Amino acid sequence: SGRLRGAERMYGEVFVNGVKSPLPYGSYGYVDRDDVLIESLTVREMLYYSALLQLPGVFSSKKSFVEDAIAAMSLGDYADKLIGGHCFTKRLPTGERRRVSIARELVMRPHVLFIDEPLYHLDSVSALLLMVTLKKLASTGCTVIFTMYQSSTEVFGLFDRICLLSNGNTLFFGETLACLQVNECSSIVLILNSAQEHF
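What counts and what doesn't
- Residues numbered from 1 in each chain as written.
- Predicted model: local features only at pLDDT ≥ 70, side-chain atom pairs only at ≥ 80, totals over all residues.
- Heavy atoms only, no water.
- UniProt positions renumbered as here; feature names shortened; annotations may be inferred.
- Salt bridge = Lys/Arg side-chain N within 4 Å of Asp/Glu carboxyl O.
- Helix = DSSP H or I, 4+ residues; strand = E, 2+ residues; numbered from the N terminus.
- Buried < 20%, exposed > 50% of the residue type's maximum accessible area, 1.4 Å probe, protein only.
- Pairing = 2+ DSSP bridges.
- Axes fitted to C-alpha atoms, helices over the stretch in contact; angles between N-to-C directions.
- Parallel < 35°, antiparallel > 145°, perpendicular 65-115°, else oblique.
- Left-handed = near helix turned anticlockwise from the far one by under 90°.
- Contact = heavy atoms within 4.5 Å.
- Nonpolar A, V, L, I, M, F, W, Y, C, P; charged D, E, K, R; others polar.

An unreviewed UniProt entry lists the protein chain under the name ABC transporter domain-containing protein, from Aegilops tauschii subsp. strangulata. Taken from UniProt, the Sequence similarities (unreviewed entry) comment for the protein chain reads in full: "Belongs to the ABC transporter superfamily. ABCG family. Eye pigment precursor importer (TC 3.A.1.204) subfamily."

Caption draft 1: Structural detail: the pattern of salt bridges. For the coordinates displayed, the defined rule picks out 8 salt bridges. Here R44 and E67 are joined by a salt bridge, their closest N and O atoms 2.9 Å apart. In this pair, R44 is assigned in helix α1 (residues 43-54) and E67 in helix α2 (residues 63-72), connecting sequence segments 23 residues apart. Salt bridges linked by common partners bring R44, E67 and D80 together as one network.

Caption draft 2: Here's a closer look at unusual backbone geometry. Here E117, not a glycine, exhibits a phi torsion of approximately 45°, which is positive. The class of E117 is buried, set by a relative accessible area of 14%.

Caption draft 3: Region of interest: the pairing of strand β7 (residues 169-175). One ladder, built from 6 bridges, connects strand β6 (residues 161-166) with β7; its direction is antiparallel. Looking across to β7, one finds that S166 is bridged to N169.

Caption draft 4: Spatial organisation of the packing of α1 against α2. α2 packs onto α1 with a crossing angle of 130° between their chain directions and a minimal axis gap of 9 Å. Of the possible angle classes, the one that applies to α1 and α2 is oblique. Of the two possible hands of crossing, α1 and α2 adopt the one that is right-handed. Here R44, L47, Y48 and A51 of α1 lie close against α2, whose contacting residues are K63, V66, E67 and I70. Taken together, the residues of the contact of α1 with α2 break down into 5 nonpolar, no polar and 3 charged.

Caption draft 5: Layout of the packing of helix α3 (residues 94-106) against helix α4 (residues 124-139). Relative to each other, α3 and α4 sit at 15°, their axes nearing to 11 Å. It follows that α3 is roughly parallel to α4 by the angle criterion. α3 and α4 meet at a crossing whose hand is right-handed. For the pair α3 and α4, contact is made by R98, R99, I102 and L106 and by L129, L130, T133, L134 and L137, respectively. Residues that form the contact of α3 with α4 fall into these classes: 6 nonpolar, 1 polar and 2 charged.

Printed below as a string of structure tokens:
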């Protein structure tokens, strides 16, 4: 996802729909495990700020991108609430903060969205609701790829394809239901596959 440090090297090739692709800037988004948000802004202001920094063109053309990201992540009820944090008395719940972090990347309208542990520090209900939202996002044409160390049965049932890893080695890659005979995995890379793109 373009986040390698200078001394690190990537091996292999990336193919999108069978065609070798470099994944140019703007075609993919990356969401880190830890939220990096400006706590003195509202959700909508944070997304506007992100759009101003990342998108070309005039501000008026970016408003619809921001509103689409708010709708895609079901943030309508929180759009005008302060993100909050250390310097403020009240902060958004962890699940909503996670949604804001994802929405921040969605303003770019990426074809592929990489997320590092989207359910990190979420309770079971928030985790399931977020996964349902990501599943809907994948159905719009955005391929969602993320890592996870464990999940509930309900969450696991939402995955389209799965890559099981153990000590850096691939144990399984394919349709989710076909992996049930594989044991002893230490981490998981999961894919909510859009109808348009395949990896």
